[in-house]
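Listed below, chain by chain, are the residues.
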Amino acid sequence: MAEATLASSSRRVVVGLSGGIAAYKTCSVISELAKAGLVVRPILTAQGQAFIPALTVATLARHTAYTDQTFWDPAYGRPLHIELGEWAELLVIAPLSANTLGKLAHGLADNLLTNTVLASTCPVLLAPAMNTDMWQQRAVQRNWQMVLQDPRFHSVGPGSGVLACDRVGTGRMAEPDDILPYIYSLLHTGGQRDLAGRHVLISTGSTREYLDPVRFIGNPASGKMGVALAQAALHRGAKVTLVHGPMEPALQARLGDMQAIPVTTAAEMHRAMITHLPQADWVIMAAAVADVRPTQPSPTKLAKAELPQALPLEPVPDIVADLAQRRQPDQTLIGFAAQTGDILPPALEKLHRKGLDAIVANPVDVEGSGFGADTNQAILLHRDGQKVLIPPCSKLDMAHRIFDSLHSALTNAKM
Ligand code: C5P
């Protein structure tokens, strides 16, 4: 007899905690998933339990935390590793210890967590955490490479920094802010790496056009949409280059493994995009480029009395229109149109005038959408006239819907 919630709920994630102090960070991953309405079933190894009591994990998950004492739960009437293995849409192991990694690499199963891995076929997200010397052992690295050869396994981290053993080096478990988007991506894609072999070049954020060293023309674009596009592309197997304007440090910290190129002005963004264009298969201009710049910027701060009554301005280069001139026929170019009012007519006009393959028209005068928000909504317009409505959703979700649509447009074009 299956438990009612197993059948009825939305997304189903098993979170396994093996031994490591980073297990404290997994508590916030579990908490966030449960708060977002996902159904979480936690499993603790014996070493995991040494770091975090099952009661803490169970309370955050709103469900029993399974341990090696519970290979059988009367609620299911079947061995628990089989039940959980079949039930899970995604397995997350965070922290992944050297010991559990070794078992995964060799197909060993001597506890509930490793048995559940073998009794399941869903994607598995691994977040290793250990001391630097442990991580760098040849045996551990061999095991890691073996595991990564299996397309079932996806990895996040480890990062480097100060470890709990007071060493500074590689071995820090990825942060919840990196693990959570990866979880959502894998639930969206089912673990497919449909962008493997592709290089995606993305611009994001605002540009600043300085009048003097302390004053500039800019806009409130945060860069969140482009970072979400970059994460989604990475999680789908692409190589990513992100050219970004100034960003909040918390967002900057999310750039992890991708090639990130910080720029400030439209001229710098233009140069960076031209430099990286030849390697790109897809180019997405999500940046909100300041359209104008002061014609005569001052190298030193202007005194208040020196500020002009009217500011002479000149246009900055239209970067995406220039990329459209320079691109090869097999390169795909996508723009964004941040609009107020009726978003469709101006977006359509930009799609054709700038020579794009598609444009994402998104309202910036609607609450929970546009600049700085964590959510967004849009209409994706393809050059062939196809329109895809993207209702309000997280920026990561929107990024995936954009890639879904581009991927199927390209696949159809090749057929
Ligand atoms: O600002 P506008 O609405 O014209 O932006 C539409 C698209 O053009 C966006 O993808 C934006 O990144 C791009 N753009 C650009 N260079 C500019 C202005 C906009 O590449 N100078």
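So, how was this worked out
- Sequence order as written defines the numbering, with residues in each chain counted from 1.
- Local features in this predicted model are restricted to residues of pLDDT 70 or higher, and side-chain atom pairs are both shown and tallied only at a pLDDT of 80 or more, whereas totals for entire chains, interfaces and linings draw on every residue.
- Note that the side-chain values use all heavy atoms of the structure and ignore hydrogens as well as water.
- Comment: elements are numbered from the N terminus, with helices defined as DSSP H or I runs of at least four residues and strands as E runs of at least two.
- C-alpha atoms define the radius of gyration, and 2.2 Å times the number of residues to the power 0.38 defines the globule rule.
- Here a residue-residue contact requires only that any non-hydrogen atoms of the pair lie within 4.5 Å.
- Accessible surface area values rest on a Shrake-Rupley calculation with a 1.4 Å probe, where residue burial reflects the displayed protein chains alone.
- All tallies of charge rest on Lys and Arg as positive and Asp and Glu as negative; His and the ends of each chain are not included.
- Lys charges are placed at NZ, Arg charges at CZ, Asp charges at CG and Glu charges at CD.
- Note that the domain bounds reflect an automated or database-derived domain assignment.
- Defined in terms of a 1.4 Å probe, buried area is the accessible area two parts forfeit on being brought together, summed over both.
- Between Lys or Arg on one side and Asp or Glu on the other, a salt bridge is scored when a side-chain nitrogen of the former is within 4 Å of a carboxyl oxygen of the latter.
- By the criterion applied in these results, polar contacts are pairs of N or O atoms within 3.5 Å in which, for protein atoms, one can donate a hydrogen and the other can accept it, and in which residues neighboring in sequence qualify only through two side-chain atoms.
- Gly counts as polar in this scheme, as do all residues outside two lists: the nonpolar Ala, Val, Leu, Ile, Met, Phe, Trp, Tyr, Cys and Pro, and the charged Asp, Glu, Lys and Arg.
- Residue burial is assigned from relative accessible area. The probe radius is 1.4 Å, only protein chains are included, and a residue is buried under 20% of its type maximum, exposed over 50%, and partly exposed in between.
- Between any two strands, pairing holds if DSSP finds at least two bridges.
- Each axis is a line fitted through C-alpha atoms, taken for helices only over the stretch in contact, and angles between the N-to-C directions span 0 to 180 degrees.
- Nearness is judged by heavy atoms alone; a residue qualifies as near a molecule or strand once a single heavy atom is within 4 Å of it.
- Stacked, tilted and edge-to-face pairs are distinguished by plane angle, under 30 degrees for stacked and over 60 for edge-to-face with tilted covering the rest, among Phe, Tyr and Trp rings (Trp via its six-membered ring) whose centres lie within 6.5 Å.
- The criterion for a charge sitting over a ring is simple: Lys NZ or Arg CZ within 6 Å of the ring centre, and within 35 degrees of the ring normal.
- By convention a nonpolar core is built from buried Ala, Val, Leu, Ile, Met, Phe, Trp, Tyr and Cys residues, the set being connected through side-chain atoms within 4.5 Å.

## Some points on the overall build of the protein chain
- Along the protein chain, the regular secondary structure elements total 16 helices and 19 strands.
- Against the globule reference of 22 Å for 415 residues, the protein chain gives a C-alpha radius of gyration of 24 Å, in line with a compact fold.
- Taking the principal axes of the C-alpha coordinates as reference, the protein chain spans close to 75 × 50 × 40 Å.
- Expressed as a percentage of contacts within the protein chain between residues at least 6 apart in sequence, the contacts between residues at least 24 apart total 67%.
- Approximately 18,400 Å² of the protein chain is accessible, and the part contributed by carbon and sulfur atoms is 54%.
- Of the charged side chains in the protein chain, 35 are positive and 36 negative, and the gap between their average positions amounts to 2 Å.

## Description of the domain arrangement of the protein chain
- One can read the domain layout of the protein chain as domain 1 (12-189) and domain 2 (199-294 + 311-414).
- Relative to domain 2, the C-alpha centre of domain 1 lies at a distance of 34 Å.
- With 9 residues of domain 1 at the contact, the number on the domain 2 side is 9 residues.
- The contact between domain 1 and domain 2 buries some 800 Å² in all, and 53% of this surface belongs to carbon and sulfur atoms.
- One can count 2 salt bridges joining domain 1 with domain 2.
- One salt bridge connects D177 with R254, and the closest N-O pair in it is separated by 3.6 Å.
- Linking domain 1 to domain 2 there are 4 residue pairs in polar contact (both at pLDDT 80 or more).
- Taken together, the residues of the side of domain 1 that touches domain 2 sort by class into 3 nonpolar, 3 polar and 3 charged.

## Here's the deal with unusual backbone geometry
- The peptide bond linking A94 to P95 adopts the cis configuration, its omega dihedral lying at -5°.
- Structurally, the position occupied by P95 is in strand 3 (residues 90-96).

## Digging into the pairing of strand 18 (residues 375-382)
- Counted residue by residue, strand 18 has 6 buried out of 8 residues, so it is predominantly covered.
- Pairing analysis gives 4 bridges linking strand 17 (residues 358-363) to strand 18, with the strands arranged antiparallel. Bridge pairing in strand 18 places A358 opposite H382.
- Across 6 bridges, strand 18 lies against strand 19 (residues 387-394) in antiparallel orientation. Bridge pairing in strand 19 places I379 opposite L389.
- Taken together, strand 18 and the strand that follows it, strand 19, pair antiparallel across an intervening segment of 4 residues, in which G385 is found at a positive phi of about 100°.

## Brief notes about the pattern of salt bridges
- Applying the stated criterion across every chain, the model contains 21 salt bridges.
- Here R236 and D404 are joined by a salt bridge, their closest N and O atoms 2.7 Å apart. You can see R236 sitting in the loop between helix 11 (224-235) and strand 11 (239-244) and its partner D404 sitting in helix 16 (residues 395-414), a full 168 residues away along the chain.
- A relative accessible area of 31% places D404 in the partly exposed class.
- Residue E349 pairs with R353 through a salt bridge whose shortest N-O separation is 2.7 Å. Taken together, the residues E349 and R353, both in helix 15 (residues 344-353) and 4 residues apart, mark about one turn of the helix.
- The class for R353 is exposed, based on a relative accessible area of 52%.

## What about the sheet that holds strand 11?
- The strand order 12-11-8-13-16-17-18-19 describes an open sheet built from 8 strands, whose pairing is mixed. Because the sheet does not close on itself, it has two edges, and the strands there are strand 12 (259-262) and strand 19. Each strand axis lies, on average, 15° off the axis of its neighbour in the sheet, ignoring direction.
- Of the pairings in the sheet, the one linking strand 11 to strand 12 comprises 4 bridges and is parallel in character. Of the residues in strand 12, the one forming a bridge with V243 is I261.

## As for the site of the ligand
- Taken together, 13 residues lie around the ligand, and M285, A287, V320, K350 and K354 are the ones closest in.
- Within the contact set of the ligand, a nitrogen atom lies 2.9 Å away from a backbone nitrogen or oxygen of P317.
- Within the backbone of F336, one N or O atom sits 2.9 Å away from an oxygen atom of the ligand.
- When the ligand sits alone it has 440 Å² of accessible area, and the protein chains cover 89% of it.
- Looking at the shell around the ligand, the elements with two or more residues in it are helix 14 (319-326) and strand 16 (332-339).
- Residues belonging to the shell around the ligand are distributed by class as follows: 8 nonpolar, 1 polar and 4 charged.

## Some remarks on the packing of aromatic side chains
- All chains considered together, the criterion is met by 3 aromatic pairs.
- On the numbers, 5.3 Å between centres and 65° between planes, the contact of W135 with W144 is edge-to-face.
- Judged by relative accessible area, W144 falls into the buried class, the value being 6%.
- Positioned above the aromatic ring of F153, the side-chain terminus of R152 is 5.9 Å from the ring centre.

## Quick notes on the side chain of S206
- Mapping S206 onto the fold places it in the loop between strand 8 (199-204) and strand 9 (209-212).
- Residue class for S206 comes out buried when judged on its relative accessible area of 6%.
- Excluding residues that lie within four positions of it along the chain, S206 makes contacts with N219, A221, G245, P246 and A288.

## What to know about the nonpolar core
- By size, the foremost hydrophobic cluster in this structure holds 34 residues, and its most contacted members are L229, F336, M398, I402 and F403.
- In terms of residue count, helix 11 provides more of this core than any other element does, 7 residues in total.
- Other than its neighbours up to four places away in sequence, I402 contacts M225, L229, F336, V360, L380 and I390.
- By size, the runner-up hydrophobic cluster in this structure holds 32 residues, among which are V15, A22, I52 and I179.

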